[in-house]
Amino acid sequence: MSSATLTFDVIISCLIALIFLYRCGNYRRQHPIITGAVFIAWSFSISFIFLLPLDISLAAYQECSSSNISTTTTTMNPNNLNLSNSIEKPCPRPWSYVNPRTYEVLWRIIYWTSQCLTWLVLPFMQSVCQTGEFYWRGKIRYALRSNLIYYGTLLLIFGVLVIYVAIYYNLTASNFKVTIIAASTTWGLFLLVLMLGYGLVEVPLKVYNRSRTFYVLSHVQFKLSQLYNEKIDIEERLESLVDEVSKLCLQIKYNDSLRPCLEEIVRIIPEQYSNRVKLTMDDYEDYRSSNTTSNKLIDLPTEKQLIKLHGLLKKSKHIHHRIQASWVQMIDEAFYLEDILNNEKNSNRSFVKQSPLVKSWLRQKLFDEHPVLEWYTFCFLRPWAFRFLGVGLAIISLIVIWSEMTFFSTRPVLSIFARTVNAARAHHDYFTMEIICSLSLAYLCLCAYYTIFRMRIFNYFYLSLYHLTDENSLIFAATFLCRLTAPLSYNFLGMIHMDQVITKQTSRQETVFTGIMGRMNVIPIISSGFNFYFPMLVCLLCFGTYFRFGSRCLHIFGVRQFFDDDHISAEYIEDGKNLMKKERRNYGGVDALSTMGNTTTATQRKDRRKELEEKYGLRSSSRNSQVLKYQDDELSEIKSETRQLKASSSSSEEPLITMNNNQQVPSNTTTVTGSSRRGPPPTNIFNDI
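Being a predicted model, the structure only gives us computed values, none of them experimental. (Residues numbered from 1 in each chain as written. Predicted model: local features only at pLDDT ≥ 70, side-chain atom pairs only at ≥ 80, totals over all residues. Heavy atoms only, no water.)

## Focus on the overall build of the protein
Step number 1: Counting its secondary structure elements, the protein contains 23 helices and two strands.
Step number 2: Each of the 689 residues in the protein was classed as buried or not, and the buried ones make up 50%. (Helix = DSSP H or I, 4+ residues; strand = E, 2+ residues; numbered from the N terminus. Buried < 20%, exposed > 50% of the residue type's maximum accessible area, 1.4 Å probe, protein only.)

## Re the packing of helix α7 (residues 173-209) against helix α19 (residues 538-546)
Step number 1: Across the interface, α7 lies against α19 with an axial gap of 8 Å and an inter-helix angle of 45°. By the angle class used here, α7 and α19 are oblique. Classified by chirality, the crossing of α19 by α7 is right-handed. Packed against α7, whose contacting residues are Val193, Leu194, Leu196, Gly197, Tyr198, Leu200, Val201 and Glu202, the element α19 presents Val538, Leu541, Cys542, Thr545 and Tyr546 at the interface. (Axes fitted to C-alpha atoms, helices over the stretch in contact; angles between N-to-C directions. Parallel < 35°, antiparallel > 145°, perpendicular 65-115°, else oblique. Left-handed = near helix turned anticlockwise from the far one by under 90°. Contact = heavy atoms within 4.5 Å.)

## As for the confidence of the model for the protein
Step number 1: Mean pLDDT for the protein: 76, with 75% of residues reaching 70 or above.
Step number 2: Here residues 73-88 is a poorly scored stretch, pLDDT under 50, and it has one contact once near neighbours within four places are set aside; other chains count.
Step number 3: Within the model, the stretch residues 589-596 combines pLDDT values under 50 with 14 contacts to residues more than four positions away or in other chains. (pLDDT = per-residue confidence, 0-100.)

## Considerations on a nonpolar patch on the surface
Step number 1: Taken together, the side chains of Val372, Tyr376, Phe380, Leu381, Trp384 and Phe388 make up a nonpolar region of the molecular surface, amounting to roughly 630 Å² of accessible area.
Step number 2: Tracing the sequence through the fold places leucine 381 in helix α12 (residues 371-406). (Patch = residues over 30% accessible without salt bridge, like charges linked within 9 Å, V, L, I, M, F, W, Y side chains within 5 Å. Areas by Shrake-Rupley, 256 points an atom, 1.4 Å probe, with all protein chains shown as cover. Salt bridge = Lys/Arg side-chain N within 4 Å of Asp/Glu carboxyl O.)

## Section: unusual backbone geometry
Step number 1: Positive phi is not limited to glycine here, since histidine 428 has a value of about 55°.
Step number 2: In this structure, histidine 497 takes a positive phi of about 60° despite not being glycine.

## Focus on the state of the cysteines
Step number 1: Applying the stated criterion to the full structure yields one disulfide.
Step number 2: Through a disulfide, cysteine 64 is tied to cysteine 91; the S-S separation comes to 1.8 Å. Its S-S torsion of about -75° marks the bond between cysteine 64 and cysteine 91 as left-handed, since a negative value means left-handed. A residue pair is termed long-range when its members are at least 10 positions apart, and cysteine 64 in helix α2 (residues 32-71) and cysteine 91 in the loop between α3 (78-86) and α4 (100-130) qualify at 27 residues.
Step number 3: Its relative accessible area of 13% is what places cysteine 64 among the buried residues.
Step number 4: What makes cysteine 91 buried here is its relative accessible area of 10%. (Disulfide = S-S within 2.5 Å.)

## Thoughts on the packing of aromatic side chains
Step number 1: For the coordinates displayed, the defined rule picks out 24 aromatic pairs.
Step number 2: When the centroid spacing of 6.4 Å and the interplanar angle of 15° are considered together, the rings of tyrosine 198 and tyrosine 450 count as stacked. With tyrosine 198 in helix α7 and tyrosine 450 in helix α14 (residues 430-454), this pair connects stretches of sequence that are 252 residues apart. For the pair formed by tyrosine 198 and tyrosine 450, the shared burial category is buried.
Step number 3: Note that arginine 387 overlies the ring of tryptophan 384, its terminal NZ or CZ placed 4.7 Å from the centroid.
Step number 4: For arginine 483, the ring lying beneath its charged end belongs to tryptophan 119, and the centroid distance is 4.2 Å. (Phe/Tyr/Trp six-rings, centres within 6.5 Å; stacked < 30°, edge-to-face > 60°. Lys NZ or Arg CZ within 6 Å of the ring centre and 35° of its normal.)

## Regarding the packing of α14 against helix α15 (residues 471-495)
Step number 1: Relative orientation of the contacting elements α14 and α15 amounts to 145°, with a least axis distance of 10 Å. Considering how the two elements wind past one another, α14 and α15 form a crossing that is right-handed. In this structure, α14 uses Cys437, Ser440, Leu441, Leu444, Cys445, Ala448, Tyr449 and Ile452 to contact α15, whose residues at the interface are Ala477, Phe480, Leu481, Leu484, Thr485, Leu488, Phe492 and Met495.

## Thoughts on a positive patch on the surface
Step number 1: Together, Lys577, Lys581, Lys582 and Arg585 make up a region of like positive charge exposed at the surface.
Step number 2: The residue lysine 577 is located in helix α21 (residues 567-586) in this model. (Lys, Arg positive; Asp, Glu negative; His and termini not counted. Charge placed at Lys NZ, Arg CZ, Asp CG, Glu CD.)

## Describing the nonpolar core
Step number 1: Residues Trp42, Ile56, Trp107, Leu200 and Phe492 are the most contacted members of the largest nonpolar core, which totals 90 residues.
Step number 2: Here the element with the most residues in this core is α2; it accounts for 17 residues.
Step number 3: Counting residues in each nonpolar core, the second largest holds 26 residues, with Val220, Leu224, Ile323 and Phe335 among its members. (Core = buried A, V, L, I, M, F, W, Y, C linked by side-chain atoms within 4.5 Å.)

## Here's the deal with the pattern of salt bridges
Step number 1: What the rule picks out here adds up to eight salt bridges.
Step number 2: With its nearest N and O atoms 2.5 Å apart, the salt bridge here joins arginine 267 to glutamate 264. Of this pair, arginine 267 and glutamate 264 both sit in helix α9 (residues 259-267), three residues apart, which is roughly one turn of that helix.
Step number 3: For glutamate 264, a relative accessible area of 31% gives the class partly exposed.
Step number 4: Several salt bridges share partner residues, and in doing so they unite Arg101, Glu104 and Arg108 into one network.

## Observations regarding the environment of arginine 548
Step number 1: In this structure, arginine 548 sits in the loop between α19 and α20 (549-556).
Step number 2: What makes arginine 548 partly exposed here is its relative accessible area of 25%.
Step number 3: Not counting residues up to four positions away in its chain, the partners in contact with arginine 548 are Gln561, Phe562 and Phe563.

## Examining the environment of glutamine 251
Step number 1: In this fold, glutamine 251 is placed in helix α8 (residues 213-251).
Step number 2: Overall, the relative accessible area of 16% leaves glutamine 251 in the buried class.
Step number 3: Separated by 50 residues in the primary sequence, glutamine 251 and proline 301 place their C-alpha atoms 7.7 Å from one another.

## Quick notes on the side chain of histidine 497
Step number 1: With respect to the helices and strands, histidine 497 occurs in the loop between α15 and α16 (500-503).
Step number 2: Reaching out from histidine 497, the side chain makes a polar contact with the backbone oxygen of phenylalanine 407 at a distance of 2.7 Å. (Polar contact = N/O pair within 3.5 Å; in protein donor to acceptor, adjacent residues only side chain to side chain.)

This is the structure in structure tokens:
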């Protein structure tokens, strides 16, 4: 039974990681090695939730057994023999008991594999995904060069710690290993406190706000306006890149050494633009034997230019794909919330569907013939369920904050988690202990991982469902999960007083996980200073998150954030309502995608720019326009890196592309850059963090 429990926990961890990886990524487009590395990182990180409670119950059993042996004297008196045999064992074995040697091997595999992934393998893979190189040799060279500063900084910090330990303490092999673990745990604990400071407030607040239908609908409409601005930006960006590719198709002939690189670039052009740039298959003419009597020189591209163009096109294509699908998902949510809001005012308590979207199969089966039941479910039970759940999660968050601030106090025990675990340990209720520890760890992981999954930095690292997350963002999330899980477990063991450094009791039995990590008292400034007092800052961070100090600072500097009492937010919300009206008018059938999810025309984008300028009076101060300007500077740099060759007489013949209007592109075509375009009003650069 015990081994079956351990096996079941490992399988559940792998299944949860597999489900999330399937929902976020797309295994058909991802490289198998990257998919495997991310899956291992995610599954090992999730396994801490299920394996650490089993380790805690094992440590409680071992402590009970050792104390029982030390206080019991064995006598060989025949008169007491029958009496001793009739006494029940005071320390029952846990139902999930497994040989401690099994946990030792398992923790070594999980911990050191996670550390190798987060510090060595995943950063290298991330650099490989970022580059626009076409061949593996160039990708590896770029990854090594880009990680040189990163690894150099890590080695410098680690070298300082090693010198410190060698000067003030005896540097042995064991102390060297603990120094490595202490450095990694300290950095992970620093990130963990920042993540929890946001997640402990935002998770219950977000759940509770789901009961406020009008508030959630206004927020969705606000994001619709911003998302449409992003859509305008990225489509202009893609048009500039596609125009540049069109020019390159005229210059690079079929026998050019750069032709395979160009074909790779053309292959990843989005489907909406593929009819504008398309390599023809009738490349039968030998351009090398053509007449070269002309002395006129033309600029031809270099491999470095194609590499930069390839990288920009990959990134822009992914952002464009994500924005299109996010628009469809967001407009569906807006119609869904609008339906609920309109039906909440029905006096007859009968749900009337007004959305142009089709109901799900389950909702049709349950509520098509029972509109009254549908009204009570969505307009009465749903808000109250979110309210109760939000209040419950808020209470748990308060317990976590209190325990983080008082876990160092052992006499009296102020940590609520420690008192709960001690009560279960006193009654030898190992099952209850494991359930409490699992739920507590799961909530801590939810708050910390929620921040990672909601983190959005300049559209570069962004996790999105519906198979819209690129490889770079998956690796970024896997790196943070591996980096946070071990410090989170170490912090939780401190909150329940299972760490001798905190309890100062050498008789207290520690977990196998603590034995693998080693005691952090090698560097006192970390074990007795940083690890003790820095987690207390989570209270200040939660206070700032609740009152949205970060959002207010960004709002002051011109980065628009959603506020109920802000007139700019009200204008964005009104703009979102107008977009919903357009979407409702243009909706084309039950199975059709959003019409505004398609590519907009140049006239529509120009009208949108004019409307935004007249309404908000803002141009280039937005974040999107700044990013667009930066990328256009890169595109201008690409154009300046050319090679000079003599023009061939064949350049005036049939081009190597097929245009949308079946016309040839002249060789002197100039590409459109975005440096002169006006930017939209600022969008949500840090909408969720």
